[in-house]
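# Examining the three-dimensional arrangement
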Amino acid sequence: LELIVVLYHQMYQYALKNDICEKDYSRFVSINKDEDDEHGIPFSDSELSILWKNKDNPTVEMILIMCYSGFRISAYNNLYINLKEGYFKGGVKTAAGKDRIVPIHSGIYSLVERRISLLGKLISVNSNIFRKSMYDTLDSLKVERHTPHDCRHTFSRLCEKYGVNENDRKRMLGHSFQDITNKVYGHRELEDLKIEIEKIKICH
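Procedures and definitions
Residues numbered from 1 in each chain as written. Predicted model: local features only at pLDDT ≥ 70, side-chain atom pairs only at ≥ 80, totals over all residues. Heavy atoms only, no water. Salt bridge = Lys/Arg side-chain N within 4 Å of Asp/Glu carboxyl O. Buried < 20%, exposed > 50% of the residue type's maximum accessible area, 1.4 Å probe, protein only. Helix = DSSP H or I, 4+ residues; strand = E, 2+ residues; numbered from the N terminus. Contact = heavy atoms within 4.5 Å. Polar contact = N/O pair within 3.5 Å; in protein donor to acceptor, adjacent residues only side chain to side chain. Phe/Tyr/Trp six-rings, centres within 6.5 Å; stacked < 30°, edge-to-face > 60°. Lys NZ or Arg CZ within 6 Å of the ring centre and 35° of its normal. Disulfide = S-S within 2.5 Å.

## Regarding the pattern of salt bridges
According to the stated counting rule, one finds 11 salt bridges in the structure shown. With a shortest N-O distance of 3.7 Å, R169 and E160 are connected by a salt bridge. You can call R169 buried: its relative accessible area is 13%. Owing to a relative accessible area of 57%, E160 belongs among the exposed residues under this scheme. The residue E166 makes a salt bridge to R169 at a minimum N-O spacing of 3.0 Å. On the criterion of helical spacing, the pair formed by E166 and R169 is a turn pair, its members being 3 residues apart in helix α7 (residues 166-173).

Below, the structure written as structure tokens:
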């Protein structure tokens, strides 16, 4: 479908250039496409429990941070982290996803603090290298193989399980709102989001 739209646009560009038509109607064509259409399988509570028991492992440490913050793996390279006020700021891919604020859950605060102290950032390798390390680590722990994006699905699952406000769940995941009330008039303070994210319990 996207290819058809591109060809449609090129056709109108040619027509405009050669005075065949006076208006580019392809500008008004849009595709209704999910902004987050990558499927995944969240970590189960029992798998999270295994991870928490091995949180001193640097790779596990990062997996846990991802499971309780919900950003895409590529976002962690340039994420702004405010330890004093306790939040992440960043995101990639969509307008709603960029520069969003997600509180640092109290359960992962010490993990985030440790990585910042040691590395100066959360992740110091590229996504492919981390993915390989993640697979190897999960295999060694006898945990079913999960992708980095599964951590994002885990965050969503935890929000749902522990009754995080649905609108705040969307905000923290960087999903856009379709209704005008939330899209234009939805305003939430950091403290409001902290209250919601702290509903999530740690699976020890």
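Once the structure has been displayed, the description carries forward.
## Thoughts on unusual backbone geometry
A positive phi angle, near 60 degrees, is found at K142, a position not held by glycine. Position of K142 relative to the elements: it lies in the loop between α5 (127-140) and α6 (148-161). Taking the relative accessible area as the measure of exposure, K142 reaches 72% and is therefore exposed.

## Considering the side chain of T59
Along the chain, T59 falls in helix α3 (residues 58-67). Assessed through its relative accessible area of 11%, T59 is described here as buried. Other than its neighbours up to four places away in sequence, T59 contacts F130, S133, M134 and T137.

## What to know about the environment of N126
Looking at where N126 falls in the secondary structure, it is placed in the loop between α4 (109-119) and α5. With relative accessibility at 41%, the residue N126 sits in the partly exposed group. Separated by 52 residues in sequence, N126 and S74 place their C-alpha atoms 8.2 Å apart. Polar contacts involving the side chain of N126 include one to the main-chain amide nitrogen of N128, which spans 3.0 Å.

## Some remarks on the packing of aromatic side chains
Using the criterion set out here, one finds 4 aromatic pairs in the structure. Relative to Y76, the ring of F71 has its centre 5.8 Å away and its plane inclined at 80 degrees; by these criteria the two rings are edge-to-face. Here F71 matches Y76 in class, with each residue buried. Taking 6.1 Å as the distance between ring centres and 55 degrees as the angle between the ring planes, the aromatic pair formed by Y80 and Y87 counts as tilted. According to the relative accessible area criterion, Y80 is partly exposed, its value standing at 44%. Taken together, the aromatic side chains of F71, Y76 and F88 make up a single cluster linked through ring pairs. One cation-aromatic arrangement involves R145 over Y135; the distance from NZ or CZ to the ring centre is 4.4 Å.

## Focus on the state of the cysteines
Scanning the entire structure with this criterion turns up 0 disulfides. Summary of cysteine pairing: C151 is not part of a disulfide, and the nearest cysteine sulfur, belonging to C67, is at 3.8 Å.

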